[in-house]
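Residue strings, one per chain:
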Amino acid sequence: MAYNNDSSLKKRILRIISVLMLICMMTGCSAPAQDKDDSVPEEKDGIEIGLSIDSLVIERWQRERDLFVSKATELGAEVNVQNANGEVDEQIKQIQYFIDKKMDVIVVIAIDDEALKDVIAQAKKAGIKIIAYDRLIRNANVDLYMSIDNEKVGELMGLYIKRKIGNDGTIIQIKGSPTDYNVQMVQKGFERVLNTTNIRIAYAEYSDNWVAENAFRITSNYLATGKVPDAIMCGNDNLAAQAIKALIENRLGGEVCVVGQDADLEACQRIVEGTQYMTVYKPVEKLARTAAENAVAMAKGEALNMTETINDGTYEVPYDKLDPIAVTAENMDEVITGKYHQKNEIYLNVQE
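Just so it is clear, the structure is predicted and the values come from calculations on it, not from any experiment.

Trainee: In this structure, what is going on with the pairing of strand 8 (residues 231-234)? I would like to understand it.
Mentor: In summary, the side chains of a regular strand alternate between the two faces of the sheet. Burial of the side chains of strand 8 extends over both faces: Ala-231 and Met-233 are buried on one face and Ile-232 and Cys-234 on the other. Of the strand pairs in this sheet, strand 6 (residues 170-174) and strand 8 are connected by four bridges, and their pairing is parallel. Note on strand 8: the bridge partner recorded for Ile-171 is Ala-231. Relative to strand 9 (residues 257-259), strand 8 runs parallel, the two being bridged by three bridges. Bridge pairing in strand 9 places Met-233 opposite Val-259. In terms of handedness, the path from strand 8 via helix 8 (residues 237-249) over to strand 9 forms a crossover that is right-handed.

Dropping the structure here:
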């Protein structure tokens, strides 16, 4: 029994020693513990800007995308460009993606002037600055709205039609998308001029999502009634192209005063050829570059000191606007040639 008790005691002592050694290894005998890493998460390398574009079908958006990205890159920012292809839900998803990516600034060419206000509110809550580019986003309290003076665009269209057809006559209107607030502002300026005349709007229709082919249908249907308008006011040059196509098919090319806006290359070609009478040039190169400069400044927390505002339906938002210029065959070279489009391109189909 004595042997057994001694053996048990020795085993207990060995177990105790083993436990003590283990404790020693885990504490005092181990390497010094590393301090907890309380460092701040690594910051982004530079300024990040999200650019959500309505669609790249229209020529001007391609040009302005490239100008914006080039200027922003020159200023040290990285631009993530997303094309919504005219789908509102897709544009909302893109803006949410930009929020998740913690962009410093989001620039939006809006498809729908009302549908984006909730996702814009989310972005602003996340501390992201918002620029509404060219098209106002209604009731969203964006940080900056940059565009052309759209009411003046409408005035220039109205004044040119008045000059060409006089104070009497009939016109048809092929407006842009009803969800684009610019369309309403252009209309306001256009009607302000027409109200000083006896010119009658015989027919007017919107073109949903700016689908150009609608202009061909509208013009063709009107001509099928046996009536010929004195002028056609088109929401942009893409619509004007299709209206002119319908006129040509009815042997009326160059006989009706067709006006548009954007100074697209093909529109300028039609003007010097004589099938389109006038377009409105908007200094989009300056607009795109200035937007990039403003976006970078906003990302840095710099004040823009805008003196003008526009009411978005609920809020007064800072407004940076540029003046448009009416372009005809008479002033094409002065305004456009060598500056916006090259001479050989404009006069491609004209024998000089």
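Trainee: Please explain the layout of surface pockets as it appears in this structure.
Mentor: It is a probe the size of a water molecule, rolled over the atoms, that shows where empty space is left. Reported here for the largest pocket is a volume of approximately 250 Å³. If you trace the largest pocket, you find 17 residues lining it, with Ser-55, Val-57, Asn-209, Trp-210 and Val-211 closest to the centre. Looking at the lining of the largest pocket residue by residue, the class counts come to seven nonpolar, seven polar and three charged. Quantified by volume, the second largest pocket comes out at close to 210 Å³. Within the residue set of the lining of the second largest pocket, elements represented by two or more residues are helix 5 (150-165), helix 6 (181-194), strand 11 (309-311) and strand 12 (316-322). With four residues, the top contributor of residues to the lining of the second largest pocket is helix 6. Among the residues making up the lining of the second largest pocket, the classes are represented as four nonpolar, three polar and five charged.

Trainee: Any chance you could explain unusual backbone geometry here in plain terms?
Mentor: Most peptide bonds adopt trans geometry, and most residues besides glycine take a negative phi value. Its identity as a non-glycine residue notwithstanding, Lys-102 has a phi of 55°, on the positive side. The topology assignment puts Lys-102 in the loop between helix 3 (88-100) and strand 3 (105-108).

Trainee: What should I look at first to understand the pattern of salt bridges in this one?
Mentor: Pairing between side chains becomes possible if they bear opposite charge and their charged atoms approach one another. If you walk through the whole model with that rule in mind, you get 19 salt bridges. Between Lys-124 and Asp-143 there is a salt bridge, with its nearest N and O atoms 3.3 Å apart. Residue Lys-124 is located in helix 4 (residues 117-125), and its partner Asp-143 is located in the loop between strand 4 (129-133) and strand 5 (144-148); the two are separated by 19 residues in the primary sequence. Judged by its relative accessible area of 28%, Lys-124 is partly exposed. A salt bridge links Asp-149 to Lys-321; the nearest nitrogen and oxygen atoms lie 3.5 Å apart. Here Asp-149 is found in the loop between strand 5 and helix 5, whereas its partner Lys-321 is found in strand 12, with 172 residues between them in sequence. You can call Asp-149 buried: its relative accessible area is 15%. According to the relative accessible area criterion, Lys-321 is partly exposed, its value standing at 30%.

Trainee: Can you help me understand the packing of aromatic side chains in this one?
Mentor: How two aromatic rings sit relative to each other is given by the distance of their centres and the angle of their planes. Under the definition given, this model contains three aromatic pairs. Ring plane angle 20° and centroid distance 4.8 Å describe the contact between Tyr-145 and Tyr-319, whose orientation is recorded as stacked. Here Tyr-319 lies in strand 12 and Tyr-145 lies in strand 5, a separation of 174 residues in the sequence. Of the two residues, Tyr-145 and Tyr-319, neither departs from the other in class, the shared state being buried. With centroids separated by 5.1 Å and ring planes inclined at 65°, the aromatic side chains of Tyr-281 and Tyr-340 adopt a geometry described as edge-to-face.

Trainee: Would you mind going over the sheet that holds strand 1 (residues 47-53) with me for this structure?
Mentor: Sheets are built from strands paired through backbone hydrogen bonds, the pairs being either parallel or antiparallel. One open sheet accounts for seven strands, arranged 2-1-3-4-5-12-11; its pairing is mixed. The sheet terminates laterally at strand 2 (77-83) and strand 11, the two strands that pair on one side only. Here the strands of the sheet are splayed against their neighbours by 25° on average, with no regard to which way each runs. The sheet contacts of helix 2 (residues 59-74) involve strand 1, strand 2, strand 3 and strand 4, and relative to strand 2 the element is tilted by about 160°.

Trainee: Before we go on, may I ask you to explain empty space enclosed by the protein in this structure?
Mentor: Taken as a whole and assessed by the stated rule, the structure comprises two cavities of 30 Å³ or more. Counted as a void, the largest cavity has a volume near 190 Å³. Asp-180, Trp-210, Gly-235, Asn-236 and Gln-261 are, among the 20 residues lining the largest cavity, the residues nearest its centre. When residues of the lining of the largest cavity are traced back to their parent elements, those giving at least two are helix 2 and helix 6. Looking at the lining of the largest cavity element by element, the count peaks at four residues for helix 6.

Trainee: Could you clarify how one ought to interpret the environment of Leu-159 in this entry?
Mentor: Tracing the backbone shows Leu-159 in helix 5. Separated by 31 residues in sequence, Leu-159 and Phe-190 place their C-alpha atoms 8.2 Å apart.

Trainee: Looking at this structure, how should I read the side chain of Asp-262?
Mentor: Residue position: Asp-262 is located in the loop between strand 9 and helix 9 (265-273). Of the residues examined, Asp-262 reaches a relative accessible area of 7% and is grouped as buried. Excluding residues within four positions of it along the chain, Asp-262 makes contact with Ile-58, Arg-60, Asn-236, Asp-237, Thr-279, Val-280, Lys-282 and Tyr-340.

The rules behind each value
- Residues numbered from 1 in each chain as written.
- Predicted model: local features only at pLDDT ≥ 70, side-chain atom pairs only at ≥ 80, totals over all residues.
- Heavy atoms only, no water.
- Buried < 20%, exposed > 50% of the residue type's maximum accessible area, 1.4 Å probe, protein only.
- Helix = DSSP H or I, 4+ residues; strand = E, 2+ residues; numbered from the N terminus.
- Pairing = 2+ DSSP bridges.
- Right-handed = clockwise from strand over helix to strand, strands pointing away.
- 1 Å grid on protein atoms, 1.4 Å probe; cavity = no way out; pocket = protein on both sides within 12 Å on 5 of 7 lines; lining within 4 Å.
- Points joined across faces, edges and corners; volume = space filled by probe spheres on them.
- Nonpolar A, V, L, I, M, F, W, Y, C, P; charged D, E, K, R; others polar.
- Salt bridge = Lys/Arg side-chain N within 4 Å of Asp/Glu carboxyl O.
- Phe/Tyr/Trp six-rings, centres within 6.5 Å; stacked < 30°, edge-to-face > 60°.
- Axes fitted to C-alpha atoms, helices over the stretch in contact; angles between N-to-C directions.
- Contact = heavy atoms within 4.5 Å.

Purely geometric numbers; function is a separate question.
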